[in-house]
Structures are given as structure tokens and as C-alpha cells.
Amino acid sequence: LARRRARATDLPPLPFPHRRSLSVMAALLLCASQSSASVDYGDAVAASFGDGSAADDLWFGLATAPAHAENQLNDTWLEFASRGGVHAWRNTPRAAERLHFWTDPEVDIKLAADTGVSVYRLGVDWGRLVPDCSLDRETPCGVQQWEVLDRYIEIIKSVRSHGMRVMLSLFHHSFPRWGVTWGRAETPRGAAAGEMFTHPRSVEHFVAFARDVIERFAPLVDFWVTFNEPVVFSMLTHCMGIWPPGPAVTNPYARLNCMTNPKTGALLAQNNMIRAHRQIYALIRANELAAQLPLAPVGVAHLIMDSRPFAVGFDSASTLFIDLYSKYYFIDQLKETLDFCGINYYGLEIVTGIGPGLAPKEVEYSGSGRGISPTGLVSLLEAYQARYGTDPKARFMRGDGYGFVVTENGIADSQDLLRPAYLLEHLLALRAAQRRGIRVRGYTFWTASDNWEWADGYCPKFGLAAVNRSDPLLRRVPRDSYHLFTKVVRSRRVTVAQRHAAWRRVTTAAANGEMKEVCRSGDALGSLDTPDRWPVLGGTTLPDGRVVDWRYDDAKVESPGAEDTAIVTDFIEHSMALSSATGFDPAAAVVSALAGFGHEFVGRPPPPPTLPGGGGGQDTAAVLASVLDALDAMQRRPLPPPPPPRQPQSPPPPPSCSSSSARRTRRPRRSTGCSTTGRWPSAGGTLRPPTDWRPSCAR
């Protein structure tokens with residue numbers, strides 16, 4: 001793994017410039033920005049997104065979720081906050097009220113509709129609809145609160161009455177309270193072992209809930225998202241323990257075991273979510289066909305980050321492992337049942353050791369502590385295009401698929417210094433991706449109003465509008481970026497003047513020595529009750545002569561390393577196949593032994609390790625010796641092929657429209673494979689397509 005090309009590192013740790021040199025630099029930058037302010041760019045267009053009538057014209061949307069916005073919601077997050085697990089919560093007025101989206105959703109719905117977006121993404125809360133159940137219950141629990149279901153239908157109808165289509169999330173980081181246990185101790189398997197989606201009956205319960213929602217909501221939903229950021233959810237709950245129910249996992253070996261052992265922790269949870277998605281996909285299709293409804297695209301919202309090693313060497317190998325673990329495995333297992341691949345993208349992540357790091361003197365960070373990297377979005381889309389573009393099993397890449405949708409993109413910025421440029425540069429990046437032949441269909445911005453941001457509480461401010469939390473009505477105050485977003489959406493273009501003004505806003509703030517609010521703690525994992533203040537870097541010059549310029553740059557888009565993506569993914573799949581065939585998983589055995597060693601190292605008794613044959617009680621050294629012997633034997637015989645993915649019980653797939661002759665080897669380009677008469681739903685057209693959303697040749 002370490003032999004791969006080192007992506008990093010133009011990010012070496014460097015001392016911050018001397019204060020005197022900064023003042024000179026600031027004066028020069030200020031003069032330059034003032035002298036260029038008078039330039040007349042006229043109506044020059046930096047990017048145009050069509051008139052909204054064509055199927056491939058980019059549509060615009062805004063997103064929210066129940067745990068972020070709904071009041072009167074007694075969920076696991078409220079319990080977690082009351083136990084001290086959420087920062088910037090106890091010092092925030094009316095924290096438990098969130099955004100009043102349950103009792104007064106019209107405020108945010110109208111705020112979104114007034115921007116002109118054509119899609120509104122929201123969700124339903126599983127625990128609100130199914131408040132009384134148990135994971136051990138043999139009979140799956142469907143919806144219990146039908147009046148709650150009716151209230152959700154009212155909210156969805158309100159969205160549609162404002163002229164927006166509905167993208168509905170079934171699971172958005174909030175497991176019902178009956179699926180967690182509070183106050184458990186950390187174990188070598190991580191946190192909440194055997195609970196939530198690691199429980200063997202979790203799939204049955206979730207599918208039963210989803211079935212009732214689908215049957216009632218199908219005529220009103222235009223896009224389905226089964227899971228939001230499943231890798232993030234499983235990692236932060238089970239392997240890190242910094243999301244409900246905890247506790248925080250401090251042993252790095254236990255974290256590694258949780259990440260890579262398919263019999264426990266994050267991989268087990270993800271595999272169960274994969275099973276649930278496949279069943280739900282089949283339910284949606286069967287329901288639509290029975291009711292003669294148009295087919296609504298189904299996908300997941302998958303978080304990917306532009307990951308960079310802090311230093312060449314171990315950090316490079318660690319970055320590769322984390323990249324492949326988090327980017328491809330989940331999509332690989334679902335590609336046959338994804339009509340669209342939803343991408344949640346926020347920016348750059350520095351990797352050091354086996355976790356995140358920070359480089360605040362060289363990287364421009366948002367208020368949530370994410371590095372800004374619009375160019376990285378295109379590099380990642382290129383990597384996905386290279387991996388799935390010629391894969392006939394990847395439904396979302398075929399002619400009868402919907403392509404990519406940016407299901408979340410946004411920035412925490414309480415002062416609105418960086419958000420205008422962040423927004424425009426990411427839109428320019430998406431237009432560049434489209435020109436490269438990548439079929440990106442939609443852009444969903446996170447979010448309309450400042451809200452509760454998981455364990456970070458109310459510290460990061462992601463909203464296009466600020467919220468006055470001292471006001472009992474939680475009045476919204478639209479920021480400059482709200483009005484800019486509205487202009488872009490309604491004009492369907494980004495002008496050169498807008499781009500220049502947004503970047504000048506950043507460089508002027510840097511030249512004036514302005515400080516931005518950042519909520520990320522020094523360990524790069526946690527958050528703060530009150531934000532720290534970091535310098536704005538855009539346009540400044542580092543001691544080595546590099547200029548901090550995070551605007552989109554087509555020349556810096558990186559070609560995908562397809563050979564890298566195959567290494568770890570194939571190993572994980574073959575390892576799991578061997579586990580199914582023989583009961584012995586080499587990856588799981590190694591990290592389980594390391595987890596036991598870690599507990600010995602920190603002075604806690606390890607659990608009795610289990611050898612491949614099922615015996616127990618041996619010490620860690622014996623386990624490691626047995627594992628090494630087994631791995632040595634494995635090298636002398638071929639691994640069994642990975643098991644084929646389970647097919648959903650759905651109608652046979654329609655014929656593909658893709659044309660093999662249109663594919664290229666170096667950079668696969670999209671080919672519709674059918675005549676121009678085949679139409680997709682337009683970016684700004686009717687709420688639901690009058691017919692099937694696939695091209696005519698695929699119906």
C-alpha cells in the first residue's frame with residue numbers, strides 16, 4: 001500500500017509567518033483588492049447551468065433532517081445532550097426546540113422556496129413513528145403513530161405546494177431510543193456493540209418501518225434516500241463512541257478492530273444497512289408498479305472527503321486505507337440497487353496516524369473544521385467515474401440510471417466571510433465535472449437555517465440564514481450568501497463579477513487580519529462550546545512562497561488511481577468470503593488480537609481471544625502466532641472468490657442504454673446510448689415526471 005503515489009504532501013507543517021511580514025503582506029493585498037474592485041466584468045459568465053428544461057441541466061435544492069430541525073422530538077440526540085455528549089448545547093437558548101420544524105415547518109419551507117430551488121430534501125424520524133419496540137422482539141415493529149405519519153404527509157404536501165419536489169431520507173443519523181443502552185463501558189469491539197444496526201434483527205425492524213412509510217408516501221416522493229452517510233454513522237457511533245450512546249472509544253486498537261472486523265462494529269452495521277437498502281429498494285419498486293406510479297430514483301447520501309496525508313510515509317498508507325474503507329466499500333455492495341449515487345461533500349481532511357489531523361496555518365478551514373477544497377470534489381467524482389463508469393452492474397452509471405446527485409454541500413461560517421466563495425467555487429467545480437463527461441444531475445446545499453449539528457451542537461453555523469435563538473419565534477435573518485444563492489438559482493448561472501466579489505471578500509478579510517470562528521477542538525475530533533478564532537488565509541502567502549488559493553482550479557484535478565482502489569477493497573471482500581467459507585477471517589483475527597494487545601498495554605484485562613478453530617483462553621501472543629501461520633498457509637492456496645451480492649426481489653432490470661463503443665479506457669465518458677428523444681425530468685420542470693424517469697429507449 002505504501003508504494004502508491006504519495007498524494008500529499010504539499011501540506012508540510014510550517015511555522016506561521018512573522019507578524020511584521022503579515023502586516024506588509026496585508027497592506028499589499030488590500031491595495032490590490034481595492035485597485036481591482038473597479039474592474040467592470042459586465043455580464044461575463046463563469047458557469048451556466050442551462051435554462052432548466054433539459055434533462056441533464058443541473059437542478060438546485062436545499063436540505064434538512066429531523067434531528068437538526070424538528071421540535072417536540074424526544075430522540076437519542078436529546079438524551080445524549082442531556083448526558084453531556086453534545087457541545088454548545090447547554091449554553092444555547094432553546095436548544096431542545098431546534099428549529100420548530102415540527103410545529104411550524106412553513107418558516108423554513110418558505111425560506112427555501114423563495115430561493116427558487118426545485119428540490120427540498122427532508123426526512124422522517126424512525127423513533128417518532130415507532131416509539132415503542134425492542135431489537136430483541138421477534139415480530140418486526142412497523143409504524144405505530146399513524147397521526148404522526150399524517151403530520152409528515154402534511155409537511156410534505158406543504159413542500160410540494162411551494163413548487164418543490166421532495167427528496168425523502170428514511171434514516172438520517174438517529175436510531176430510536178429503544179435500540180440503544182446508556183452507560184455501557186468501552187470494549188475491544190468499540191461502543192454499543194450488538195446494538196443499533198449491529199443487532200441481527202435491526203434489518204427486519206427498519207424494513208417494517210420503511211414499508212409503512214413507502215406505502216403512504218410513494219405518490220408524494222420524487223427521490224428516496226435510504227441512508228444518510230452510513231459509514232460516518234457506523235464509525236462515529238461504534239468505533240469512536242462520540243455519537244449516541246457512547247462511551248468514547250479511547251483505545252486505538254479497539255477502533256481498528258471496530259473498523260475492520262465484519263463480525264462486529266462498523267462493518268457489521270454497514271453490512272446490515274446494505275441488506276436493508278436492498279430490501280427497501282425492492283419494496284419501493286414493487287409499490288410503484290402495483291400503484292402504477294412513476295419510478296422515483298432511489299439512492300444513498302454517501303459522505304466522501306478529499307483526504308490528504310499530513311506527511312509522506314505511514315500517513316500516506318493510512319490515508320489510502322481510510323479512503324478505500326470509507327469511499328468505495330458501501331457503494332460497491334449497493335451499485336446494482338442505486339438509481340443515483342448521492343454525494344455529501346464538505347471538503348478536505350488531513351490524515352495523521354489512523355485519524356484526522358489539522359494544519360490551520362496552511363489550510364483554510366471552515367467553522368466546523370473542514371478544509372476547503374472545491375477542486376477535490378472533481379477529483380473524487382473522477383475517481384468514481386473511473387471505478388464505476390464501465391461497470392455494467394453500477395446501475396447509476398448506466399443509461400437507465402440517474403447519475404450523481406450532490407445530496408449535501410455546505411460550510412459552517414458564522415460571519416459569512418467564506419460561504420459566498422465556497423458556494424460559487426463548488427458550483428464551478430460541478431460545471432467542470434459535467435464538461436468532463438460526469439453526469440451530475442443535482443446540487444443540494446446544506447442548509448437554509450443554522451441548526452443543531454450533531455455532537456457539535458449549535459456551534460457551527462451552516463445556514464444561509466442566521467437564527468435568533470433569543471427570540472421565542474426563532475426568527476431567521478438571511479445572510480448575504482442567502483441572496484447570492486437566490487440570484488444563482490434563479491438566473492441559473494455564476495457570473496465572473498460574482499466570483500470576483502466573493503473571492504475579494506475573502507482576501508480583504510485576510511488582509512485586514514480578520515479572524516474566523518472555528519468550532520473544532522485541537523484533537524481534530526471533538527468540538528467546542530464556544531468557537532475558537534483562527535486567521536482567514538485566502539490570498540495570503542506562506543513562508544515557502546505558496547499562495548493560499550482554494551478556488552477551483554481545473555489544472556489541479558487529480559487523475560484517479562484505479563490500481564489503488566482495487567487493493568484494499570478486494571482484500572476486504574476476499575477476507576469476508578473466506579470468513580463465510582471457513583469461519584476464519586484473517587483481517588478480523590489480526591485486528592482482534594491487536595485489540596486485545598491494546599487492552600493489555602493500557603492496563604486493562606483483555607477478553608479471552610478465540611482461535612480459528614473455536615478454542616479460547618490463549619494469550620495474545622499465541623493468537624498472533626496462529627494468525628500468522630494461517631496467513632502463511634493462505635499464500636499457498638487461492639482465496640475463494642467473494643460471494644455474489646444478494647439480488648433484491650424486484651422486477652427484472654430494464655435493458656441498459658449504455659453503448660460499449662462509447663467508452664474510453666483512460667477517462668470513461670458518458671454516453672446516453674439512445675436518441676435525443678429520451679428525456680429525464682428537467683431541472684425545473686413539473687413536480688413529478690408524467691412518465692418514467694428513464695430514457696425512452698430503456699423503458
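Residues numbered from 1 in each chain as written. Predicted model: local features only at pLDDT ≥ 70, side-chain atom pairs only at ≥ 80, totals over all residues. Heavy atoms only, no water.

**Structural notes on helix α7 (residues 202-217)**
No. 1: An ideal rise of 1.5 Å per residue puts 22 Å on 16 residues; α7 measures up with 22 Å between its terminal C-alpha atoms.
No. 2: Most of α7 sits inside the fold, with 12 of its 16 residues counted as buried.
No. 3: Within α7, burial applies to S202, V203, H205, F206, V207, A208, F209, A210, D212, V213, I214 and F217.
No. 4: Elements that come into contact with the buried residues of α7 comprise α5 (126-129), α6 (146-161), β4 (165-171), β5 (223-228) and α10 (265-291). (Helix = DSSP H or I, 4+ residues; strand = E, 2+ residues; numbered from the N terminus. Expected span 1.5 Å × (residues − 1). Buried < 20%, exposed > 50% of the residue type's maximum accessible area, 1.4 Å probe, protein only. Contact = heavy atoms within 4.5 Å.)

**Points about the pattern of salt bridges**
No. 1: Scanning the entire structure with this criterion turns up 33 salt bridges.
No. 2: Between E362 and R546 there is a salt bridge, with the nearest N and O atoms lying 3.0 Å from each other. With E362 in the loop between β8 (355-357) and α13 (374-388) and R546 in the loop between β15 (527-535) and α17 (562-582), this residue pair connects regions lying 184 residues apart in the sequence.
No. 3: Here R546 falls in the partly exposed class, since its relative accessible area comes to 26%.
No. 4: As a salt-bridge pair, D450 and R479 come within 2.9 Å of each other at their nearest N and O atoms. You can see D450 sitting in the loop between β10 (440-445) and β11 (465-467) and its partner R479 sitting in the loop between β12 (476-478) and α15 (480-491), a full 29 residues away along the chain.
No. 5: Connected through salt bridges with shared partners, the residues E79, R83 and R177 form a single ionic network. (Salt bridge = Lys/Arg side-chain N within 4 Å of Asp/Glu carboxyl O.)

**Some thoughts on the nonpolar core**
No. 1: Formed by 164 residues in total, the largest nonpolar core has its most connected members in F217 and W224.
No. 2: Here this core takes 10 residues from helix α14 (residues 419-435), the largest share from any one element.
No. 3: Setting aside anything within four residues of it in sequence, one finds F217 in contact with V124, L149, Y152, I153, I156, L168 and W224. (Core = buried A, V, L, I, M, F, W, Y, C linked by side-chain atoms within 4.5 Å.)

**Observations regarding the packing of aromatic side chains**
No. 1: Here the structure, examined in full by the defined rule, presents 40 aromatic pairs.
No. 2: Taken together, a centroid distance of 6.1 Å and an interplanar angle of 35° make the contact between W126 and F197 tilted. Placement of W126 in helix α5 and of F197 in the loop between β4 and α7 is noted, with a sequence separation of 71 residues between them. When sorted by exposure, W126 lands in the same class as F197, which is buried. (Phe/Tyr/Trp six-rings, centres within 6.5 Å; stacked < 30°, edge-to-face > 60°.)

**Side note on helix α4 (residues 106-113)**
No. 1: Within α4, the full set of buried residues consists of D108, I109, L111, A112 and A113.
No. 2: Among the structural elements, β2 (59-63), β3 (119-123), α6, β11, β12 and α15 are those in contact with the buried residues of α4.

**Remarks on the pairing of β5**
No. 1: In terms of residue burial, β5 counts as a mostly covered element, since six of its six residues are buried.
No. 2: Handedness of the β-α-β unit built from β4, α7 and β5 comes out right-handed. (Right-handed = clockwise from strand over helix to strand, strands pointing away.)

**Re the packing of α14 against helix α16 (residues 496-511)**
No. 1: At a minimum axis distance of 8 Å, the contact between α14 and α16 shows a crossing angle of 135°. Relative to α16, the element α14 lies oblique. At the point where α14 passes α16, the crossing takes the left-handed sense. Where α14 abuts α16, its residues P420, A421, L424, E425 and L428 lie against Q498, R499, A502, W503, R505 and V506.
No. 2: Its residues assigned to classes, the contact of α14 with α16 shows seven nonpolar, one polar and three charged. (Axes fitted to C-alpha atoms, helices over the stretch in contact; angles between N-to-C directions. Parallel < 35°, antiparallel > 145°, perpendicular 65-115°, else oblique. Left-handed = near helix turned anticlockwise from the far one by under 90°. Nonpolar A, V, L, I, M, F, W, Y, C, P; charged D, E, K, R; others polar.)

**Considerations on the side chain of T486**
No. 1: For T486, the position within the fold is in helix α15.
No. 2: Apart from residues lying up to four places away in sequence, T486 is in contact with D114 and T115.

**What about the packing of α6 against α7?**
No. 1: For the pair α6 and α7, the least separation of the axes is 11 Å and the interaxial angle reads 45°. Relative to α7, the element α6 is oriented oblique. Crossing angle aside, the handedness with which α6 passes α7 is right-handed. Residues W146, L149, D150, Y152, I153 and I156 of α6 lie in contact with α7, whose contacting residues are D212, V213, R216 and F217.
No. 2: Class assignment of the residues belonging to the contact of α6 with α7 gives a composition of seven nonpolar, no polar and three charged.

**Details of unusual backbone geometry**
No. 1: Residues P244 and P245 are joined by a peptide bond in cis, for which omega reads 5°.
No. 2: Mapped onto the secondary structure, P245 falls in the loop between α8 (230-239) and α9 (252-260).
No. 3: G246 connects to P247 through a cis peptide bond whose omega is 0°.
No. 4: Structurally, P247 can be placed in the loop between α8 and α9.
No. 5: For D416, which is not glycine, the phi dihedral falls at a positive 60°.
No. 6: Assignment of secondary structure puts D416 in the loop between β9 (403-409) and α14.
No. 7: Using a relative accessible area of 3% as the deciding quantity, one classes D416 as buried.

**Comments concerning the confidence of the model for the protein chain**
As a note on interpretation, predicted positions should not be read in detail where pLDDT is low.
No. 1: Summary statistics for the protein chain give a mean pLDDT of 82 and a share of 75% for residues scoring 70 or more.
No. 2: Ignoring residues within four places in sequence, the model shows residues 1-37, a span with pLDDT below 50, making 60 contacts including any to other chains.
No. 3: pLDDT under 50 marks residues 685-699. Its contacts with residues more than four places away, or in other chains, come to 55 contacts. (pLDDT = per-residue confidence, 0-100.)

**Things to note about the environment of F80**
No. 1: Mapping F80 onto the fold places it in helix α3 (residues 76-82).
No. 2: In the structure, F80 is positioned 164 residues away from P244 in sequence and 5.9 Å away in space, judged by C-alpha atoms.
No. 3: Setting aside its immediate chain neighbours within four residues, F80 contacts G85, V86, W182, I242, W243, P244, P245 and G246.

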